[in-house]
Each structure stands twice: as structure tokens, then as C-alpha cells.
Amino acid sequence: MEKDNQRQGITIIGVPMDLGADRRGVDMGPSAIRYASVQEKLTLLGFDVKDLGNLQVPTPESYDVGETHLKYLREITSVNEELAETLDKVVLEGCFPLVLGGDHSIAIGTIAGVAKRRKRMGLVWFDAHGDLNTAETSPTGNIHGMPLAVSLGIGHPDLVNLAGFTPKVQPENIVVIGARSLDEGERHLIREKGIRVFTMHDIDRLGMGRVIEESIDIVSKDTDSVHLSLDLDGMDPKDAPGVGTPVPGGISYRESHLAMEMLSDAGVLTSAEFVEVNPILDRKNCTAQAAVALIGSVFGEKIL
Ligand SMILES: NC(=[NH2+])NCCC[C@H](N)C(=O)O
Ligand SMILES: [Mn+2]
Ligand SMILES: [Mn+2]
């Protein structure tokens, strides 16, 4: 991949989605991240920032949950269709799309939108979870546990065929970083597809520096773009408590920054999303603040 030196601008899109997860409140994630001054930070870093505001997302109270093994499938599909269309336009304009969630089910639409005009996309999946479930393997029926499988072309046809093509990404161009809570079906899929998963065990042994060096090789080999999908629950709950599905033993605050700084230095990223910030479960907005600090590092902020 060529280094992307002529970044024109950044376009922010909020997706206040909470239909993909069991715990309410993650719909306030985009507001919390904006409140933590994301636009100011990026402007200070010298970028031309445009905020498109939030997509409209139905509230769970006004809809029927639908099939319990794929909760709110219809509503989630339609929001993701709109998100994919919005992102396609942003890519066509030559801007860097920065999506603020919302639960992780929005990655279905983000990835569909950013992959549409690309031949081959690399994907960095920063998460405590694999998000590789299907209706058959999910223990919860929550679609936020499925977006990576969907992007690989595995899952309900309405989700998989979103934006009219499938798959969005190939298993050999994906890295998962920070995994420590995987369901049985997800373990199977990881082995079957040969997906490179850097678990917490690998991060402990290799160190984040090596993990990211290897990750950059994987996601940039023979690709024309790289998307970062960052679930704040990848971080340790001590540093990012405002998430709906926290798992102890996560990536530290500094390791997270090192990962973002190295991705930034490599100049490979072409789009990003920050998801699962739940202000109701947070402590004085510190999870949204962590998200904004990491966004700073993604866009080149340095200590010195
Ligand atoms: N994006 C997330 N936080 N996903 C959590 C998924 C948890 C669990 N594996 C499930 O499928 O329900
Ligand atoms: Mn997660
Ligand atoms: Mn996730």
C-alpha cells in the first residue's frame, strides 16, 4: 500500500445505535465523544473537520425485538444501509470517515460503505471479543457480537448482502487485537478461516510493539485501504469502564496509545470507527475521553 500523505479532511458521522446490545445507553456514545472535544482536537492537529451529525436510529421502545436470535434485525439492517451509503459518499469526496458509535453492530454498515469502491481492504479489529458469531452460535442473539462474521460473508443474508456485495473483507487481511472473551463458535471460525488473532496472551508475551508491527504487515499486504474498528472494551475496564460488555485483563491505556501511534506512523489507515462507549456506565466521561485521546494518536498527535 502507498502511504497516504494527502489527507484532505476528516468527516465525522455519529450513529446512536443501541439495538445491537442488551444494555441501553450506548446510543449516547456519539454525544459523549463529541462532548470530550473530538472536533477541537482534530482541528488543533491541523485537519479540516466536518461533522455530519447523527444518523437517525429508532428507539427500542417503539419496535418489536423480532427474532430473539437476531434481535432488531430489520432496524439494524436499515440503519446500516443508510450508514453504508453515507460512507460511500464520504470516500468519494476523498475525506477520511470517522464513525462514532453506538454499539458494534454499526461496523456492518461502516465496513460495507468503506469497502464498496475498494478492491481489497485490510481490517484492524481492536476488541475484547471476536464479534464472529452468527444467529446459530450467538449466546445472546445480539447483533453487536456478529459484525466481523458478517463482513466475512457469514451470517443472515440481509446483513451479509448489505450494499449489494459480499464478502467485504478477506480473512487473510484481518487482525483481531485484544481478544479475551471468545465463544465456542467463534473459536471454530477463527481456526477454519485462519484469522490472525492477537489475544491478550500474545500481547503479554510479544509486547504491543511487535503485535502492531505484525498487524501492519498483515493488513497492508496487497490491500488498497485499511479500516480500524475500535471497540472501547478492548481496553482494560480500569481505563475504559463505560462499556456494556467489559472483560477484565485488557489492553492498557499506554498499550492502546502505542498501537494507535504506530498505526498512525505507518500511514496506512483510511477510515476508523470508535464504538461501544456507554456514558451511563462510565465514570465522569473518562471512556469517551480515552476514545478522543486515542483518536488524537490515530491522527498523529505526539507526546514530544
Ligand atoms: N461488540 C461487542 N461488545 N460484542 C460483545 C459480544 C459478546 C458475546 N460474544 C455475544 O456474542 O453476545
Ligand atoms: Mn467487544
Ligand atoms: Mn466489538
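Residues numbered from 1 in each chain as written. Chains lettered and ligands numbered in written order. Predicted model: local features only at pLDDT ≥ 70, side-chain atom pairs only at ≥ 80, totals over all residues. Heavy atoms only, no water.

Draft legend 1. Layout of the coordination of the manganese ion (ligand 3). In the first shell of the manganese ion (ligand 3), the protein supplies His104 (ND1), Asp127 (OD), Asp131 (OD) and Asp231 (OD), at 2.1 to 2.2 Å from the metal. When the donor residues of the manganese ion (ligand 3) are listed from N- to C-terminus, their spacing reads H-x22-D-x3-D-x99-D. (Donors = N, O, S within 2.8 Å, 3.2 Å for Na, K, Ca; no water.)

Draft legend 2. Seen up close, the nonpolar core. Leu98, Ile177, Leu228 and Phe274 are the most contacted members of the largest nonpolar core, which has 50 residues in total. Among the elements that make up this core, the one with the highest residue count is helix 11 (residues 286–298) (seven residues). The residues contacting Leu98, other than those within four sequence positions of it, are Ile10, Thr11, Ile12, Ile13, Val38, Leu42, Ala272, Phe274, Ile295 and Phe299. (Core = buried A, V, L, I, M, F, W, Y, C linked by side-chain atoms within 4.5 Å. Buried < 20%, exposed > 50% of the residue type's maximum accessible area, 1.4 Å probe, protein only. Helix = DSSP H or I, 4+ residues; strand = E, 2+ residues; numbered from the N terminus. Contact = heavy atoms within 4.5 Å.)

Draft legend 3. Structural context of the site of ligand 1. Near ligand 1 lie 13 residues; those nearest to it are Asp131, Asn133, Thr140, Asp183 and Thr245. Here a nitrogen atom of ligand 1 sits 2.9 Å away from a polar atom, N or O, in the side chain of Asp131. A distance of 3.0 Å separates a nitrogen atom of ligand 1 from a polar side-chain atom of Asp233. Here ligand 1, which alone exposes 350 Å², has 95% of that area covered by the protein. (Near = heavy atom within 4 Å. Polar contact = N/O pair within 3.5 Å; in protein donor to acceptor, adjacent residues only side chain to side chain. Areas by Shrake-Rupley, 256 points an atom, 1.4 Å probe, with all protein chains shown as cover.)

Draft legend 4. Geometry of the coordination of the manganese ion (ligand 2). On the protein side, the manganese ion (ligand 2) has Asp127 (OD), His129 (ND1), Asp231 (OD), Asp233 (OD) and Asp233 (OD) as donor atoms, found 2.1 to 2.4 Å from it. Mapped onto the sequence, the donors of the manganese ion (ligand 2) take the spacing D-x1-H-x101-D-x1-D. For the pair the manganese ion (ligand 2) and the manganese ion (ligand 3), the metal-to-metal distance amounts to 3.2 Å, and Asp127 bridges them. Residue His129 is found in the loop between strand 4 (121–126) and helix 5 (147–151), and its partner Asp233 is found in the loop between strand 7 (225–231) and helix 10 (253–266); the two are separated by 104 residues along the sequence. Residue class for Asp233 comes out buried when judged on its relative accessible area of 1%.

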